[in-house]
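Architecture at a glance
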Amino acid sequence: MKLNLAGALAGVTLPTVLAFTPTRTTFHRSSSITSMQVASSSSSWSLQEDLTFNPPDTMNDAQISEVACAEAASLMKRVKVPVPEYVSDDKSVGISYIHWKADETAKRNNKNALPLMLVHGLDSSCLEYRRLGPKLAALGIDTYAVDLLGWGYTQLDDVKTFSAQAKVDALAGFWEVVGNNQPVCIAGASLGGAASIEYASASRSKKDGVVQGAIFIDAQGFIDGIGPMAALPNFLAKIGIEVLKSEPLRDSANQMSYYDKEAYATEDALKVGRYHCLREGWDDAFLSFMKSGGFSPSKKVEKIDVPSLILWGRQDGILDGKEFADKFVETLPDAELCWVEECGHVPHLEQPEFTAEKIASFLRSDKFEDVVPAVSTSSSSPFSFGNVGGIAAAGVAAVAAAGTAVTLIRSN
């Protein structure tokens, strides 16, 4: 499948990106933290919250009018999580996230459904789930939206690599510390689906009991590698990355991502996702990801032998549901498909109430009645990954927009 320019970008990044803003925003960094011992007898790692982390001021600094965005941003925190030394010399990185706590009454009525970990798409942030998270919490689902290392509001300084491998290792470290490696349902949208597949397949291969359910929302699961993008000279790649921020390219992707463009492909939608791109170090972090080759999920989908829910916008103009949604159902050992009507590439943004209800119903189902909500006995992160590749579309789109002669990636 050949991807056109805007489609290539939109297919791997959610449309919560903002128009070009010439003013750079300063984000404060500090090493000050507060520690709280993780409630696990087998792990010595402490939950270390960065008290000096300033959540993004979306209404004032970013000029975003959406109240749901401001409310989500006010809940954002950043914690230190364990990673291998190849990622950071001190074997830790700061990961930002939002936790929407489940309504206690609804949670009791839910038979204590699994907690849910939401993973955003390429070059996005946990704010992407600003509409879905509160609705899930109201339905009794303990919901965590986490930023992938190098994107969103994660630590950017003193990190040696922002590769796909590092992103998945940091995701594992996040749940080890914040979730205490209790059983969880992992969910990924668009490129976040690829990261979720890497994480879930590793968990299932290790038989650690952490990933007990999976949800894929218009997810990228069958496109691997970035081809020539990984070999581009740095100066060309950096030009492309700068173009990736541009208003015309972002606006085109934004328009393609929704069914109801008038209601949802707004200036606010553009602003939400690009605000984090103004952070110092974002460009180098993105370059590091490109050079790593990205994710390679396609051969790992079949390893996810847990109950899985596929949610797909009926009018997705980015990833064709007839091809990819059906392929998930055919490949996953235990999957069910739910079409989201009058919806494009992002059901969690365009149809959040319906999406929340379907997710809650899935997590309440008898498929999870044998899952014991116990803490993992692993003494360290159980993940040991080989090389992971990834989606080329963002790099392709950016570099092509910059005028380089690069062939667009084809799907497998």
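Each value, and the rule that gives it
- In this convention, every chain numbers its residues from 1, walking through the sequence in written order.
- Since the coordinates come from a predicted model, pLDDT governs what is reported: local features require at least 70, and pairs of side-chain atoms require 80 or more to be given and counted, while whole-chain, interface and lining totals use all residues.
- The side-chain quantities take in all heavy atoms of the structure and omit both hydrogens and water.
- Helix and strand definitions follow DSSP, with helices as H or I runs of at least four residues and strands as E runs of at least two, each counted in order from the N terminus.
- Three exposure classes are used, based on accessible area relative to the maximum for each residue type with a 1.4 Å probe and protein chains only: buried under 20%, partly exposed in between, and exposed over 50%.
- Residues count as neighbours in contact if any of their non-hydrogen atoms are within 4.5 Å of one another.
- Only the protein chains shown count as cover for residues, and the accessible areas themselves come from Shrake-Rupley with a 1.4 Å probe.
- The arc refers to the directions leading from the helix axis to the C-beta atoms.
- When DSSP finds two or more bridges between two strands, those strands count as paired.
- Per residue, pLDDT measures the predictor's confidence, with a range of 0 to 100.

Assigned secondary structure in the protein consists of 15 helices and ten strands. A burial count over the protein gives 61% of its 412 residues as buried. Here the contacts in the protein between residues at least 6 apart in sequence split such that 81% fall between residues at least 24 apart. Surface exposure of the protein reaches about 15,400 Å², of which carbon and sulfur atoms provide 48%.

Turning next to helix α12 (residues 321-331). Residues of α12 that are buried: G321, F324, A325 and F328. The buried residues of α12 occupy one face: seen down the axis, they fall within an arc of 100°. In α12, the exposed positions that point more than 90 degrees away from the buried face belong to K322 and E330. Against the buried residues of α12 lie α6 (191-206), β8 (211-217), β9 (308-313) and β10 (335-340).

Take the pairing of strand β3 (residues 77-82) next. Relative to β3, strand β2 (residues 46-49) runs antiparallel, the two being bridged by two bridges. Following the sheet pairing, Q48 is matched in β3 by K80. As paired strands, β3 and strand β4 (residues 92-100) are joined by six bridges and run antiparallel to one another. Across the sheet, the residue bridging to V81 is V93, located in β4.

Across the protein, pLDDT averages 82, with 79% of residues at or above 70. With pLDDT under 50 throughout, residues 374-412 is counted as low confidence; its partners more than four residues away or in other chains account for 126 contacts.

Here we take up the pairing of β4. The buried fraction of β4 is high, at nine of nine residues. Pairing geometry for β4 and strand β6 (residues 143-146), over four bridges, is antiparallel. Along β6, the bridge assignment pairs I98 with A145.

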